[in-house]
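An overview of the molecular structure
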Amino acid sequence: MEVGGEGRVHRVMESTLTARDRVGVQDFVLLENYTSEAAFIENLRRRFGEKLIYTYIGSVLVSVNPYKDLEIYSKAHMERYRGVSFYEISPHIYAVSDNTYRAMRTERRDQCILISGESGAGKTEASKKILQYYATTCPVTDHMSTIRDRLLQSNPVLEAFGNAKTLRNDNSSRFGKYMDVQFDFRGAPIGGHILNYLLEKSRVVHQNHGERNFHIFYQLLEGGEQDQLSKLGLERNAQKYHYLVKGCCPRVSSINDKSDWKTVRKALTVIGFHEEEVEDLLNIIASVLHLGNTQFGEGEDGETQITTEPQLTYLSKLLGVDGPALREALTHKKLTAKGEEVSPLSFEQAVAARDALAKAVYGRAFTWLVAKINQSLAFKDEVYNSSKGSSSVIGLLDIYGFEVFQHNSFEQFCINYCNEKLQQLFIKLTLKSEQEEYEAEGITWEPVKYFDNKIICDLVEEKHKGFISILDEECLRPGEPSDISFLEKLEDTLGGHAHFVTHKLANGKTRKAVGREEFRLIHYAGEVNYTVNGELANQSVNSRTAGSSDNQILSQCFHREEVTTQKRPETAATQFKNSLAKLIEILMSKEPSYVRCIKPNDAKQSGRFDEALVRHQVKYLGLMENLRVRRAGFAYRRRYEAFLQRYKSLCPGTWPNWQGRLADGVATLVQHLGYKPEEYKLGKTKIFIRFPKTLFTTEDALEARRPALALTLQTSWRGYRERAKYHRIRNAVIQSAWRGMKSRRKARRRRHAAEIIRKFIKGFIYRHYERCPENEYFLDHQRFSFLMTLVRNPPKSVLDKSWPVPPPSLTEASEHLCRLCMQNMMRAYCRRIQPEWKKQMEQKVVASQIFQDQKDSYPQSVPKLFVASRLGREFNLKVIQTLGNDKVKYGVAVTKYDRRGYKARPRQLLLTSSFAVLVAEAKLKQRIDYAALRSISVSSLTDGFMVLHVPSEDNKQKSDVVLQCDHVIEVVTKLATMADKKNKVNISQDSIKFAVARGKEGVIDFTSGSELKVAKGKKGHLLVTAPQLNPR
Ligand SMILES: Nc1ncnc2c1ncn2[C@@H]1O[C@H](COP(=O)(O)OP(=O)(O)OP(=O)(O)O)[C@@H](O)[C@H]1O
Ligand SMILES: [Mg+2]
């Protein structure tokens, strides 16, 4: 939706289709009867009536001058068009500006906007709106704001020097303008360049009734300071200057020269003109006025002379040229063909020479001005030089449309030729882009019927045969060229061409319409008669005097060589042809957009739509031709997503959302809508609809569906709203219930915990009391935790004697448990035990029964394993043989002490199953039958002495044996076990008595000392000192 200037609501593109009876179509391609000029104009009229001044022909913008300020150019409007697709919003000059800008940014291609239309149609305004749009919406840094300001300020300066009030337009541009705006890679304006074409110089010396000279003259006189005017020799009264009053209207109500002067002065400063340059420029302006007031009279000899001396003085001062030289230049002509000879001019000739000089001076000053502005707009910052390569350009062409007057001169010829060329370009590029779009979308191109105006362009510019070539030839040939001979030459060469007619060549009917000094060109936009009168005189320029000027601008503009050279300068027509060719080349290298301006009436009145005038322009702008080319294929094309988005509600298959490929969605939709195959084509990304009718029917269907759709939407919206509300409430209820439950549970847990803690503390206090309600929880807990500790951490092995401390109530149970546990472990241990180990253990048990707590060396012996025999293979074979069947079960090395002298002798003690035997090498020294062994004595100390007591009355036995051995505990245990004398082992504290011989006794006394010592004592006792053990 768009809110119009007067608060009215205008709907966008497609929406407007339904309201087309009121505001017409926004795009002419949607006109049902697109070949009808009347329908075209009617559409324009309707829209104009609604203050809708813009309409599209495809991508071409047609603009009708409203002649009043519409509120559609605000910053808010600019923002609305920024980045929005061309067709999504109503037509506007900003849409074209934005579209062009975005195309430049995204496709990185230079663009140009061609603005055409006849005088007063709004071209310059359009170009200014575009420039303002860029100045406002493009990103700008501080640095670039200077360039932006200069770009904007170049307009008032150029308008002051190049615009004038004409009958058609109070601010008519009297020159063609092409302006390049250069953007950097970020899209910020960084420079500009202006090309100017064909300034209407004749206006300097002559204006038609009701018209004025260029604005600058009036601005200077009205706004210039008194000092300045005096210096220039000027009076503040335009009526005093002949060149300013030809049209008899130096003052115009719509123009405020005084304030415009201020604007121009400020603009000149912004652009960067130096004071001296401004001064030189004003000198030229003033000198033109003085030239205009320079009068001629006849001297005494009939020669022409200047009658206004003060003017001559001012002129020579302002232009910086020598007075006499100037006088001579204005009254004499130099005959180049005859050397340095000069000949006097007639009165008329002198007037013409004066006017020619005025025109030339002004014209060149204008060219200099443009060059100067270009210097100031030039992109030259070193910081940004690197981005130069990536910069892009948008060109703006503001040039006249076709002009047809009563009398059409060389200027009209150039303008119309220029338009002919631009139409050529339009046809070429439009068809090309149309063809490219079809190709990109994969749609077959069907040839379009249109009028190609190349034939007319050729007629004008073809080499050797064309109009301009003939004109050149005529000017350059020796002798005086004449208009008549030129016309004849044209007839000779161009006669018979379908687009060229003269009075002589025409048939009866046309002959009346073409004068004798005229030729007619049949342009693509219509027929125009041109007069050849003065055509040739217009082609050369008087530049003699100005070449030697002190005025910097003039001396730069007029080169000396130009004056002295013998070569004839290029004719104005050729100059124009060449500059036009260059312009076309520039435009061809860019992607064009078009703005076609139309003026609705000649009276500059708002709200008046003069159909005849508009029809004339529609014809001359070639708009019907534009439309025909555009409509040759398809009237409407839109990207799939946009099309589907708009019309999806018309088909159940695509409503409310299409999930598949867009192309399939559109195919489903159009099938449902009953489109016939010839009515549309599906491209790669777009649907093309051939006739507007098809689209209108679809749009009508959408309109009809709208109430139902609105109802459905309303219902579903209400349903959605209620559902959402219900969900919200439901969620709230569930949430609060859940939260309540959670908090209750938490509180319960907390209460429970507090209770337990309380019980625990109370129980702890009463722990030593009988079981009672106060301590039962604590006691149970104690019991439970004792039992759980046991379960979790029971004793690991039979040797592990750790056991948790039981609570008093469980002391007895704990003992039972401990015992059971031990038994269990022992049982398990025993089950696991090996036979050798069992034997070892049995022996150790016997040893413990005998020695535990009795003999000091016992504790040391506990960890040392008993072995099967200490002798290994050291048995003497002979001894083995002697023993025969009695197998040796254990053998150990011992020391035997004699009973009398206590002499120590090494022996082996061998134990068999029924006796023990002492062996010395191979000899059996003493055999002790186990049955005869009475007892065994050992001391309680750490020594290794043992005494085997045997009965002395037995002759076979040699009496008691005193032995010493390192393994006394092992030997005694084995012997006592084998001999079954476990109860016969005596452990004596300090002495052992033993029988020496019958009736005789020996004694061994034991004492503790630092080391083992064995010695014979005084009383015949054997003294043994046993080493004391270190206290453990
Ligand atoms: N969009 C617009 N809104 C309001 N007024 C406009 C608009 N366009 C043009 N005008 C009015 O029309 C006048 C003439 O417009 P403009 O000078 O742009 O015409 P032009 O086509 O450049 O004519 P010329 O060929 O003579 O230079 C402007 O001075 C202005 O008053
Ligand atoms: Mg203009």
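Residues numbered from 1 in each chain as written. Chains lettered and ligands numbered in written order. Predicted model: local features only at pLDDT ≥ 70, side-chain atom pairs only at ≥ 80, totals over all residues. Heavy atoms only, no water.

Next up on the list: the overall build of the chain. When you go through the chain residue by residue, the secondary structure sums to 34 helices and 33 strands. Over its C-alpha trace the chain gives a radius of gyration of 66 Å, far above what one expects of a compact globule, namely 31 Å for 1032 residues. If you line up the chain on its principal axes, its C-alpha atoms span 205 × 80 × 65 Å. For the chain, buried positions account for 49% of its 1032 residues. Working note: accessible area of the chain is about 52000 Å², and carbon and sulfur atoms make up 51% of it. Charge centroids of the chain, computed over 156 positive and 122 negative side chains, lie 18 Å from each other. (Helix = DSSP H or I, 4+ residues; strand = E, 2+ residues; numbered from the N terminus. Rg over C-alpha atoms; globule rule 2.2 N^0.38 Å. Buried < 20%, exposed > 50% of the residue type's maximum accessible area, 1.4 Å probe, protein only. Areas by Shrake-Rupley, 256 points an atom, 1.4 Å probe, with all protein chains shown as cover. Lys, Arg positive; Asp, Glu negative; His and termini not counted. Charge placed at Lys NZ, Arg CZ, Asp CG, Glu CD.)

The grouping of Glu298, Glu300, Asp301 and Glu303 at the surface amounts to a negative patch. Counting through the fold element by element, Glu298 comes out in strand β10 (residues 296-298). A residue is classified by how much of its surface remains accessible, and Glu298, at 66% relative accessible area, is exposed. (Patch = residues over 30% accessible without salt bridge, like charges linked within 9 Å, V, L, I, M, F, W, Y side chains within 5 Å. Salt bridge = Lys/Arg side-chain N within 4 Å of Asp/Glu carboxyl O.)

This part takes up the pattern of salt bridges. For the structure shown, the criterion picks out 44 salt bridges. Close ionic contact of Arg212 with Asp257 constitutes a salt bridge, the shortest N to O distance being 3.0 Å. With Arg212 in the loop between α8 (202-205) and α9 (215-223) and Asp257 in helix α11 (residues 257-271), the pair connects residues that are 45 residues apart, well separated along the chain. Take Arg212 and Asp257: they sit in the same class, and that class is buried.

This part takes up the UniProt feature "binding site: ATP" (unreviewed entry) in the chain. UniProt annotation of "binding site: ATP" (unreviewed entry) refers to Gly117, Glu118, Ser119, Gly120, Ala121, Gly122, Lys123 and Thr124 when read in the numbering used here. Tracing the chain through its elements places Ala121 in the loop between β5 (111-117) and α6 (123-137). Residue classification places Ala121 among the buried residues on the basis of a relative accessible area of 1%. Among all residues touching Ala121, those that are not within four sequence positions of it are Asn65, Cys597, Ile598, Lys599 and Gln617. If you trace the backbone, Lys123 turns up in helix α6. Apart from the residues lying within four places of it in its own chain, the contact partners of Lys123 are Ile115, Ser116, Gly117, Glu118, Asp398, Ile399, Tyr400 and Cys597. (UniProt positions renumbered as here; feature names shortened; annotations may be inferred. Contact = heavy atoms within 4.5 Å.)

To continue, consider the sheet that holds strand β31 (residues 1000-1009). In spatial order, the strands read β30-β31-β33-β32; together these four strands make up an open sheet with mixed pairing. Of all strands in the sheet, those bounded by a partner on one side alone are β30 (991-997) and β32 (1013-1016). Adjacent strand axes in the sheet meet at a mean angle of 20°, parallel and antiparallel pairs treated alike. Where β31 and strand β33 (residues 1022-1027) come together, six bridges link them in parallel fashion. Bridge assignment links Ser1008 to a residue of β33, and that residue is Ala1026. (Pairing = 2+ DSSP bridges. Axes fitted to C-alpha atoms, helices over the stretch in contact; angles between N-to-C directions.)

In the vicinity of ligand 1 lie 17 residues, with Ser119, Lys123, Thr124, Ser172 and Ser173 positioned nearest. Between an oxygen atom of ligand 1 and a main-chain N or O atom of Gly120, the distance comes to 2.8 Å. With respect to ligand 1, the backbone of Asn171 contributes an N or O atom lying 3.5 Å from an oxygen atom. In the complex, 87% of the free accessible area of ligand 1, which totals 630 Å², lies under the protein chains. Sorting the residues of the shell around ligand 1 by element identifies α6 and β7 (172-173) as the ones contributing at least two each. In terms of residues, the shell around ligand 1 owes the most to one element, α6, which gives three residues. Of the residues assigned to the shell around ligand 1, the class counts are four nonpolar, nine polar and four charged. (Near = heavy atom within 4 Å. Polar contact = N/O pair within 3.5 Å; in protein donor to acceptor, adjacent residues only side chain to side chain. Nonpolar A, V, L, I, M, F, W, Y, C, P; charged D, E, K, R; others polar.)

Right, let's talk about the pairing of strand β24 (residues 915-920) for a bit. Summarising burial for β24: six of the six residues are buried, a large majority. Two strands pair when backbone bridges link them, and strand β23 (residues 904-911) and β24 are joined in this way by four bridges, in the antiparallel orientation. Residue pairing across strands places Leu911 opposite Ala916, the latter belonging to β24. Connecting β23 to the antiparallel partner β24 that follows it, the hairpin turn spans three residues. Inspection of the sheet shows β24 paired to strand β25 (residues 923-929) by six bridges, in the antiparallel sense. Within the sheet, the bridge partner assigned to Ala920 lies in β25 and is Lys923. Turn length for the β24-β25 hairpin, with the two strands adjacent in sequence and antiparallel, is two residues, and the turn residue Glu921 shows positive phi of about 55°.

A word on a positive patch on the surface. On the surface, a cluster of positive charge is contributed by Arg739, Lys742, Arg744, Arg745, Lys746, Arg748, Arg749, Arg750 and Arg751. Locating Arg750 in the fold gives a position in helix α28 (residues 692-765). Of the residues examined, Arg750 reaches a relative accessible area of 58% and is grouped as exposed.

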